[in-house]
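The residues making up each chain are set out below.
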Amino acid sequence: MLDKCTCEHYTALLQEELVPALGCTEPIAIAFAAARAREVLGCMPERLIVQCSGNIIKNVKGVIVPTTGNMKGIDTSAILGSIVGHSEKKLEVLTGATAEDIQLTKELVAKKICQVELIRDVSNLFIIVRAFAGEHEALVEVQDGHTHITRVEKDHVPLYEEKTASAQADSSDKPKMDLQSIFQFATEGDLEALIPTLDRQIQCNTRIAEEGLKGTYGCGVGATLVANYGNNVRTMARAMPAAGSDARMGGCVLPVVINSGSGNQGMTVSLPVITYAKELGVSQDKLYRALTLSNLTAIYIKSGIGKLSAFCGVVGAGCAAGAAVTWLRGGDYDAVCRTIINTLANTSGIVCDGAKASCAAKIASAVDAALFSGDMALSGRVFGCGEGLVAEDADATVRNIMRLGKVGMKETDIEILHMMIGQ
């Protein structure tokens, strides 16, 4: 039986992770930091300097900033964030942007008031926004989480600085995640406190997927799947999250409930599960439990890699969704573990080359691989220990993937960034 501490930890973790975001989370994180910098400065900045890690630059380069129609870029994100303000909205910071705000953003982008710099030797998710007006300056630093402010200054006087050592100590006190406790909590635990969070995920992510299926965003990956393969459950399990990504990467202003800091991962962990639950006619309670299993498994896989990496995050999210679908189809804990092993043995080489339209195709591929892995698992088939990155059990295999994403792909990440910025 699960201890109370683990149950409370998993509940709090899901409530913290599964939050709404408007648009791709990297440009929104910049807009959030800029909004906070404006608040600290006390007026609209005359000039901005935005310093970002390579992964932030990579994920902002090719995606439309929501509410802007078709504008892209770090400068757009920072300027619009400073105009709209309201950092308390966090990842929905650009909600409420008006046509006048967009027009002013275009004018200030043209005037080049925002300077962008790559900052090296920092964490993969790292942003500093410096805002200037007259003789005054404000600084806001965000790292390791899209709205995780670690430093605030005004006129070089520290107003806030996170104590890293104490933060690490707090995290070390938390229960360690593993697949057995995740499965047990998801299938047997008290999920009452999570129902509002899961309902929001179902509603928001379904709505943007339905919008994306109209085929008017990006390359219309979701709509193309339906047009060519029909609307059977297996196709729709791929098409729904792909369509949501089409819309989200294409600047749709509908919010998405994220997972591991990513809207694409939030849609990938949830929409295939929702699609299969509807097809199978399961109870609402069973849907909540399947979503809990999927969300926690994805968070677990990503926890050892970090928010941003050269490892494509939808691989872990698709793997988690496939595991939950296996359970919905009658699989037990061992079948769930076989699904995870089979998926990670297959698709772990997919790289992240930034947020953009083709993310939808990667989602479709990741979900397809996970569903096939579930087919194998339900037939009792699993790739064996020692075959590539497959280890003695599912948890050990996940640890190998964590190492691959965090350590093994460091140089890959650097080369991807160099190619994307033309170095």
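Residues numbered from 1 in each chain as written. Predicted model: local features only at pLDDT ≥ 70, side-chain atom pairs only at ≥ 80, totals over all residues. Heavy atoms only, no water.

A. Layout of the overall build of the protein chain. A tally of helices and strands in the protein chain yields 17 helices and eight strands. For 423 residues, the compact-globule estimate of 2.2 N^0.38 gives 22 Å, and the protein chain sits close to it at 21 Å. The 423 residues of the protein chain split such that 58% are buried. For the protein chain, the proportion of contacts with a sequence separation of at least 24, taken over those separated by at least 6, is 76%. (Helix = DSSP H or I, 4+ residues; strand = E, 2+ residues; numbered from the N terminus. Rg over C-alpha atoms; globule rule 2.2 N^0.38 Å. Buried < 20%, exposed > 50% of the residue type's maximum accessible area, 1.4 Å probe, protein only. Contact = heavy atoms within 4.5 Å.)

B. Molecular detail of the sheet that holds strand 4 (residues 126-133). Read from one edge to the other, the open sheet built from six strands follows the order 3-2-4-5-6-7, with strand pairing classed as mixed. Two strands lie at the open edges of the sheet, namely strand 3 (114-118) and strand 7 (157-161), each paired on one side alone. Each adjacent strand pair in this sheet contributes to an overall mean axis angle of 15°, direction not counted. In the sheet, strand 6 (residues 149-154) pairs with strand 7 via four bridges, with the strands oriented antiparallel. Each bridged residue has a counterpart across the sheet, and for Glu 153 the counterpart in strand 7 is Pro 158. Sheet strands touched by helix 2 (residues 25-41): strand 2 (47-52), strand 4, strand 5 (136-143), strand 6 and strand 7. Its angle to strand 4, the strand with the most contacts, is close to 35°. (Pairing = 2+ DSSP bridges. Axes fitted to C-alpha atoms, helices over the stretch in contact; angles between N-to-C directions.)

C. Quick look at helix 5 (residues 99-110). Compared with the 16 Å implied by 1.5 Å per residue over twelve residues, the 17 Å span of helix 5 between its first and last C-alpha is a close match. Listed in full, the buried residues belonging to helix 5 are Asp 101, Ile 102, Thr 105 and Leu 108. For helix 5, the angular spread of the buried residues around the axis is 125°, confining them to a single face. Exposed side chains of helix 5 directed beyond 90 degrees from the buried face belong to Ala 99, Glu 100 and Ala 110. Where the residues of helix 5 are buried, they touch helix 4 (74-84). (Expected span 1.5 Å × (residues − 1). Arc of directions from axis to C-beta.)

D. Structural context of unusual backbone geometry. The phi dihedral of Lys 90 is positive, around 55°, even though this residue is not glycine. Summarising the element assignment, Lys 90 is placed in the loop between helix 4 and helix 5. The residue Asp 144 is not glycine, and still its phi comes out positive at about 65°. Checked against the element boundaries, Asp 144 lands in the loop between strand 5 and strand 6. For Asp 144, a relative accessible area of 45% puts it in the partly exposed group.

E. Representation of the side chain of Asn 342. Assignment of secondary structure puts Asn 342 in helix 14 (residues 333-347). With residues near it in sequence (within four places) discarded, Asn 342 still touches Ser 373, Met 376, Ala 377, Arg 381, Val 382 and Phe 383.

F. View of a nonpolar patch on the surface. On the surface, a cluster of nonpolar side chains totalling about 290 Å² of accessible area is made up of Val 157, Leu 159 and Tyr 160. Take Leu 159: its relative accessible area is 53%, and that puts it in the exposed class. (Patch = residues over 30% accessible without salt bridge, like charges linked within 9 Å, V, L, I, M, F, W, Y side chains within 5 Å. Areas by Shrake-Rupley, 256 points an atom, 1.4 Å probe, with all protein chains shown as cover. Salt bridge = Lys/Arg side-chain N within 4 Å of Asp/Glu carboxyl O.)

G. Molecular detail of the packing of helix 8 (residues 195-212) against helix 11 (residues 263-280). Across the interface, helix 8 lies against helix 11 with an axial gap of 10 Å and an inter-helix angle of 90°. What the angle tells us is that helix 8 and helix 11 run roughly perpendicular. For the pair formed by helix 8 and helix 11, the contact residues are Gln 201, Ile 202, Asn 205, Thr 206, Ile 208 and Ala 209 on the first element and Gly 266, Met 267, Val 269, Ser 270, Leu 271 and Ile 274 on the second. The residue makeup of the contact of helix 8 with helix 11, split by class, is seven nonpolar, five polar and no charged. (Parallel < 35°, antiparallel > 145°, perpendicular 65-115°, else oblique. Nonpolar A, V, L, I, M, F, W, Y, C, P; charged D, E, K, R; others polar.)

H. Up close: the nonpolar core. Grouped together as the largest cluster of nonpolar side chains are 73 residues, with contacts concentrated most on Met 177, Val 273, Leu 293, Leu 296 and Ile 340. Counting 47 residues, the second-largest nonpolar core is a separate cluster that includes Ile 30, Ile 56, Ala 131 and Ala 133. (Core = buried A, V, L, I, M, F, W, Y, C linked by side-chain atoms within 4.5 Å.)

I. Fine view of the environment of Asp 393. Along the chain, Asp 393 turns up in the loop between helix 15 (359-378) and helix 16 (394-408). Between the C-alpha atom of Asp 393 and that of Ile 341, which follows or precedes it by 52 residues, the distance is 7.8 Å. Within the local environment of Asp 393, its side chain forms a polar contact with the backbone nitrogen of Asp 395, the two atoms lying 3.2 Å apart. (Polar contact = N/O pair within 3.5 Å; in protein donor to acceptor, adjacent residues only side chain to side chain.)

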